[in-house]
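A look at the structure
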Amino acid sequence: MVDNEKVEEIFLVLEDKLDKTVNVLKDEYAGIRAGRANPHILDKVQVEAYGGMSPLNQLGNISAADARCLVVSPWDKSLLKSIEKAILTANLGINPTNDGNVIRLVFPELTEERRKELVKQMKKLGEDAKVAARNNRRDAMEALKKMKTAKEISEDESRNLEQDVEKSVGKAMEEIDKSIAAKEKELLTV
């Protein structure tokens, strides 16, 4: 590796962007329900409370009562209606039931058609992540090309660095493919 601060900066930025791309994909996948009650499906739900918007997971406990049921126990019972409204507004495909103390979310069994729809959605997210990784590769390669043109690195150094960029992006692509395969298996398992 060339002892050059600009080169180090290029690789730090590349690695950071690739890590973020993979992590965003995994977060998105956590929100796709696979027929089992997963508290992460409520991570993005915002509730109107105390004069502002707050994440649902900061207003109470969210637990899985069993494989098909989540229970939301708010710390402040006066928020039950707001939480119920926020869950309906989030359009998760689940109707909350409010018994005055807790909100229950019963997950219906996924139909074959719905599973295939979710797999399609999941693959699109995976493809978007791959596009982002390719864009990160392009940015790093352009930065290296500029350095070569400005004679800051030699032809050989440039070639070696470009191979290092390819290795980093290849690793991220493998990680993305593993995430896609794991989520697809989870979704299609009945």
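Details of the structure are given in the entry above.
Residues numbered from 1 in each chain as written. Predicted model: local features only at pLDDT ≥ 70, side-chain atom pairs only at ≥ 80, totals over all residues. Heavy atoms only, no water.

1. Focus: the pattern of salt bridges
Put simply, the rule reads: Whenever a carboxyl oxygen of Asp or Glu lies within 4 Å of a side-chain nitrogen of Lys or Arg, that contact is scored as a salt bridge. Secondary structure elements follow DSSP: runs of H or I of four or more residues count as helices, runs of E of two or more count as strands, with numbering from the N terminus. The buried label applies to any residue whose accessible area, calculated with a 1.4 Å probe on protein chains only, is under 20% of its type's maximum; exposed applies above 50%, and partly exposed to all values in between.
By the definition in use, this model includes 15 salt bridges. Across the pair E175 and K26 runs a salt bridge, and its minimum N-O distance is 2.7 Å. Remark: K26 occurs in helix 1 (residues 5–30) and E175 occurs in helix 4 (residues 155–188); sequence separation between them is 149 residues. Measuring nitrogen to oxygen at the nearest pair gives 3.6 Å for the salt bridge that ties K44 to E28. Taken together, the residues K44 in the loop between helix 1 and strand 1 (46–49) and E28 in helix 1 connect sequence positions 16 residues apart. Under the relative-accessibility criterion, K44 is labelled exposed at 60%. A relative accessible area of 31% places E28 in the partly exposed class. Look at the salt bridges and you will find they share partners, linking K17, R138, D139 and E142 into a network.

2. Regarding the nonpolar core
A general tendency of soluble globular proteins is for nonpolar side chains to be buried together. Here is the rule: Here the nonpolar core consists of buried residues drawn from Ala, Val, Leu, Ile, Met, Phe, Trp, Tyr and Cys, with membership extended through side-chain atoms lying within 4.5 Å. Any two residues whose heavy atoms approach within 4.5 Å are treated as being in contact.
Formed by 28 residues in total, the largest nonpolar core has its most connected members in M122 and V165. Of all the secondary structure elements, the ones that give two or more residues to this core are helix 1, helix 3 (112–149) and helix 4. Per-element tally for this core: the top contributor is helix 3, with nine residues. Setting aside residues up to four positions removed in sequence, V165 forms contacts with F11, L14, R137, A140, M141 and L144. Grouped together as the second largest cluster of nonpolar side chains are 20 residues, I41, V47, L70 and I103 included.

3. Points about the layout of surface pockets
For clarity, the threshold we go by: Two kinds of site are reported from a 1 Å grid over the protein atoms alone, namely cavities, where a 1.4 Å probe fits but cannot get out, and pockets, open sets with protein on both sides within 12 Å along at least five of seven lines, and residues are called lining when an atom falls within 4 Å of a point. Grid points are joined across faces, edges and corners, and a volume is the space filled by probe spheres set on the points. In this classification, Asp, Glu, Lys and Arg are treated as charged, Ala, Val, Leu, Ile, Met, Phe, Trp, Tyr, Cys and Pro as nonpolar, and every other residue, Gly included, as polar.
Quantified by volume, the largest pocket comes out at close to 410 Å³. Considering the residues around the largest pocket, the lining is formed by 19 residues, among which G31, I32, I41, L92 and Q121 are closest to the centre. Looking at the lining of the largest pocket residue by residue, the classes come out as eight nonpolar, five polar and six charged.

4. Some details on helix 2 (residues 80–89)
Quick reminder of the rule: In this description, the arc belongs to the directions extending from the helix axis to the C-beta atoms.
Along helix 2, the positions that sit buried rather than exposed are L80, I83, E84, A86 and I87. Buried residues in helix 2, looked at end-on, bunch into an arc of 160°, giving them a common side. Pointing more than 90 degrees away from the buried face of helix 2 are the exposed residues K81, K85 and T89. Phi for N91, located one or two positions after helix 2, is positive at around 55°.

5. Description of the packing of helix 3 against helix 4
We apply this condition: The angle between two axes is taken between their N-to-C directions and runs from 0 to 180 degrees, where each axis is a line fitted to C-alpha atoms and a helix contributes only its stretch in contact. The cut-offs work like this: below 35 degrees is roughly parallel, past 145 is roughly antiparallel, 65 to 115 is roughly perpendicular, and the gaps in between are oblique.
The interhelical angle for the contact between helix 3 and helix 4, taken along N-to-C directions, is 170°, at an axis separation of 10 Å. By the angle class used here, helix 3 and helix 4 are roughly antiparallel.

6. Looking at the pairing of strand 4 (residues 69–74)
Which entries qualify depends on this criterion: In this description, strands pair whenever DSSP reports at least two bridges between them.
Most of strand 4 sits inside the fold, with five of its six residues counted as buried. Sheet analysis places strand 3 (residues 60–66) next to strand 4, joined by six bridges and oriented antiparallel. Residue pairing across strands places A64 opposite L70, the latter belonging to strand 4. The hairpin turn running from strand 3 into strand 4, its antiparallel successor, is two residues long. Bridging between strand 4 and strand 6 (residues 103–106) involves four bridges; their strand directions are antiparallel. If you follow L70 over to strand 6, its bridge partner there is L105.

7. Thoughts on the packing of helix 1 against helix 4
At their nearest, the axes of helix 1 and helix 4 sit 10 Å apart, and the two run at 5° to each other. Relative to helix 4, helix 1 is oriented roughly parallel. For the pair helix 1 and helix 4, the contacting residues are V7, F11, L14, E15, L18, T21, V22, L25, K26 and Y29 in the first and L161, D164, V165, S168, V169, A172, E175, I176, S179, I180 and K183 in the second. Split into classes, the residues belonging to the contact of helix 1 with helix 4 amount to 13 nonpolar, three polar and five charged.

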